[in-house]
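Chain by chain, the residues run as shown.
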Amino acid sequence: GAGVSQTPSNKVTEKGKYVELRCDPISGHTALYWYRQSLGQGPEFLIYFQGTGAADDSGLPNDRFFAVRPEGSVSTLKIQRTERGDSAVYLCASSLGPTSYNEQFFGPGTRLTVL
Amino acid sequence: GIQVEQSPPDLILQEGANSTLRCNFSDSVNNLQWFHQNPWGQLINLFYIPSGTKQNGRLSATTVATERYSLLYISSSQTTDSGVYFCAGVNRDDKIIFGKGTRLHILP
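Residues numbered from 1 in each chain as written. Chains lettered and ligands numbered in written order. Predicted model: local features only at pLDDT ≥ 70, side-chain atom pairs only at ≥ 80, totals over all residues. Heavy atoms only, no water.

Caption draft 1: Layout of the nonpolar core. With 21 residues, the main nonpolar core has B:Cys23, B:Trp34, B:Leu46, B:Phe47, B:Leu72, B:Tyr85 and B:Leu104 as its most contacted residues. Of all the secondary structure elements, the ones that give two or more residues to this core are β2 (10-14), β3 (19-25), β4 (31-37), β5 (43-48), β7 (59-64), β8 (69-74), β9 (83-90) and β11 (102-107) of chain B. No other element matches the 3 residues that β3(B) contributes to this core. In this structure, A:Val4, A:Phe65, A:Tyr90 and A:Leu112 belong to the second largest nonpolar core, which totals 20 residues. (Core = buried A, V, L, I, M, F, W, Y, C linked by side-chain atoms within 4.5 Å. Buried < 20%, exposed > 50% of the residue type's maximum accessible area, 1.4 Å probe, protein only. Helix = DSSP H or I, 4+ residues; strand = E, 2+ residues; numbered from the N terminus.)

Right, here's the structure in full:
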């Protein structure tokens, strides 16, 4: 079946604008994760959904970042009033269930550039 | 939270050489995965290995959970093995923590 997909693959925006990044997990995967990867670093956890609810949003850097998963499948990461420091690759991953017991699969990422 | 340390940070090898990448974690993890990030940024699953040894072609991995480390072995390296290798551990809160990666460059 299809893997995790993310759109857009690239997004260039201006400082202060609002952006939405979309993640479509593997069908049947109840757990969904968002990460941010800066150049030369490993991915950093942002938020974890189990079903429709955010089980852990402790990695969101501030209140400009928000994510939803209204029907327990597709998720959208929303960033308000973007800043140049938000530039990074945003990765989404999904797993059958909690990742303590399940393998996690990643999408190709969205490269966000804030000018 | 747990810390995940990978070594070496960088590795340059001639094609055909073997290599061992190491991942140490500061506390017990429920799970461990190895990934290869290709030049296009895609994270490719290599091993899901909370404990024991697994092999897949030229690659194998061993996790010794009681001693808090995992090893990734690459034999007969090929140029397509180049990229960044990440290990990631899962803590008690189901949060996956990545190391900073090992950058592998295989010379033809």
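Caption draft 2: Broad picture of the environment of B:Trp40. Mapped onto the secondary structure, B:Trp40 falls in the loop between β4 and β5. Counting along the chain gives 43 residues from B:Trp40 to B:Gly83, while the straight-line C-alpha distance between them is 9.5 Å.

Caption draft 3: Spatial organisation of the interface of chain B and chain A. Between chain B and chain A, the contact holds 19 residues from the first and 23 residues from the second. Carbon and sulfur atoms make up 48% of the area that chain B and chain A hide from each other, which totals about 1700 Å². Considering only the surface of chain B that becomes buried against chain A, B:Tyr48, B:Asp94 and B:Lys95 emerge as the three largest contributors, covering 28% of it. The interface formed by chain B and chain A contains 1 salt bridge. Between A:Asp56 and B:Lys95 there is a salt bridge, with the nearest N and O atoms lying 3.4 Å from each other. Across the chain B-chain A interface, the total number found is 10 residue pairs in polar contact (both at pLDDT 80 or more). At the level of elements, β4, β5, β9 and β10 (96-98) of chain B are the ones that each hand at least two residues to the side of chain B that touches chain A. Looking at the side of chain B that touches chain A, the element that brings in the most residues is β4(B), giving 4 residues. Of the residues that constitute the side of chain B that touches chain A, the class distribution is 7 nonpolar, 8 polar and 4 charged. (Contact = heavy atoms within 4.5 Å. Buried area = accessible area lost by both parts, 1.4 Å probe. Salt bridge = Lys/Arg side-chain N within 4 Å of Asp/Glu carboxyl O. Polar contact = N/O pair within 3.5 Å; in protein donor to acceptor, adjacent residues only side chain to side chain. Nonpolar A, V, L, I, M, F, W, Y, C, P; charged D, E, K, R; others polar.)

Caption draft 4: The arrangement of unusual backbone geometry in detail. For the peptide bond that leads from A:Thr7 to A:Pro8, omega is -10°, which places it in the cis range. Within the secondary structure, A:Pro8 is located in the loop between β1 (5-7) and β2 (10-13). The residue after B:Ser7, namely B:Pro8, is reached through a cis peptide bond having omega -10°. Within the fold, B:Pro8 resides in the loop between β1 (4-7) and β2. The backbone of A:Arg81 sits at a positive phi, close to 45°, despite the residue not being glycine. Relative to the assigned elements, A:Arg81 resides in the loop between β8 (75-79) and β9 (88-95). With a relative accessible area of 46%, A:Arg81 lands in the partly exposed category. In this structure, B:Ser76 takes a positive phi of about 45° despite not being glycine. If you trace the backbone, B:Ser76 turns up in the loop between β8 and β9.

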